[in-house]
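Results of the structural survey
Chain by chain, the residues:
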Amino acid sequence: VDAFQAWCGPCKTAVDLFQKIRNEVDRNLLHFAAAEVDSIDALEGYRGLCQPVFLFYAEGELVAVVRGLNAPLLRRTILEQL
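Quick summary incoming for the structure in this document. Quick caveat, the model's predicted, so the values are computed rather than measured. (Residues numbered from 1 in each chain as written. Predicted model: local features only at pLDDT ≥ 70, side-chain atom pairs only at ≥ 80, totals over all residues. Heavy atoms only, no water.)

**Observations concerning the packing of aromatic side chains**
If you walk through the whole model with that rule in mind, you get three aromatic pairs. Aromatic pair F18 and F54: ring centres 6.3 Å apart, planes at 40°, arrangement tilted. Of this pair, F18 sits in helix α1 (residues 12–24) while F54 is found in strand β3 (residues 53–58), placing the two residues 36 residues apart along the sequence. Here a set of aromatic residues connected by ring pairs shows up, and it is made of F18, F32, F54 and F56. (Phe/Tyr/Trp six-rings, centres within 6.5 Å; stacked < 30°, edge-to-face > 60°. Helix = DSSP H or I, 4+ residues; strand = E, 2+ residues; numbered from the N terminus.)

**Section: the side chain of Q5**
With respect to the element layout, Q5 can be found in the loop between β1 (2–4) and α1. Residue Q5 is classed as buried on the basis of its relative accessible area, which comes to 9%. There is a polar contact of 2.7 Å between the side chain of Q5 and the backbone nitrogen of G48. For Q5, the contacting residues outside a window of four places in its chain are E36, V37, D38, Y46, R47, G48 and L49. (Buried < 20%, exposed > 50% of the residue type's maximum accessible area, 1.4 Å probe, protein only. Polar contact = N/O pair within 3.5 Å; in protein donor to acceptor, adjacent residues only side chain to side chain. Contact = heavy atoms within 4.5 Å.)

**Comments concerning the sheet that holds β1**
Across a sheet, paired strands are connected by hydrogen bonds in the backbone, their directions being either parallel or antiparallel. Overall, mixed pairing links the four strands, which are arranged β2-β1-β3-β4 in an open sheet. Of all strands in the sheet, those with a lone pairing partner are β2 (34–36) and β4 (61–67), marking the two edges. On average, adjacent strands in this sheet sit at an angle of 30° to one another, irrespective of strand direction. As paired elements, β3 and β4 share six bridges and run antiparallel to each other. In the sheet register, Y57 faces β4, and the bridge partner there is L62. This element, helix α2 (residues 71–81), spans β3 and β4 of the sheet and lies at about 165° to β4. (Pairing = 2+ DSSP bridges. Axes fitted to C-alpha atoms, helices over the stretch in contact; angles between N-to-C directions.)

Structure below.
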């Protein structure tokens, strides 16, 4: 989940990265979503940040967090979680 604030919008570069990785692995294993933290009370802890935050969930549980757009770290985290 790309957790973003309304003033900066979702990270388009991350969407491209996730699409590329999704094409490399079983498409049913990887899903991408964007969530505006300003309108979701459960994500209020991510408000006021000046960098993208990516939340990784498996079976409904938060399993990893990556702060900032670090493509190699995002890729490594995705592949580790799969």
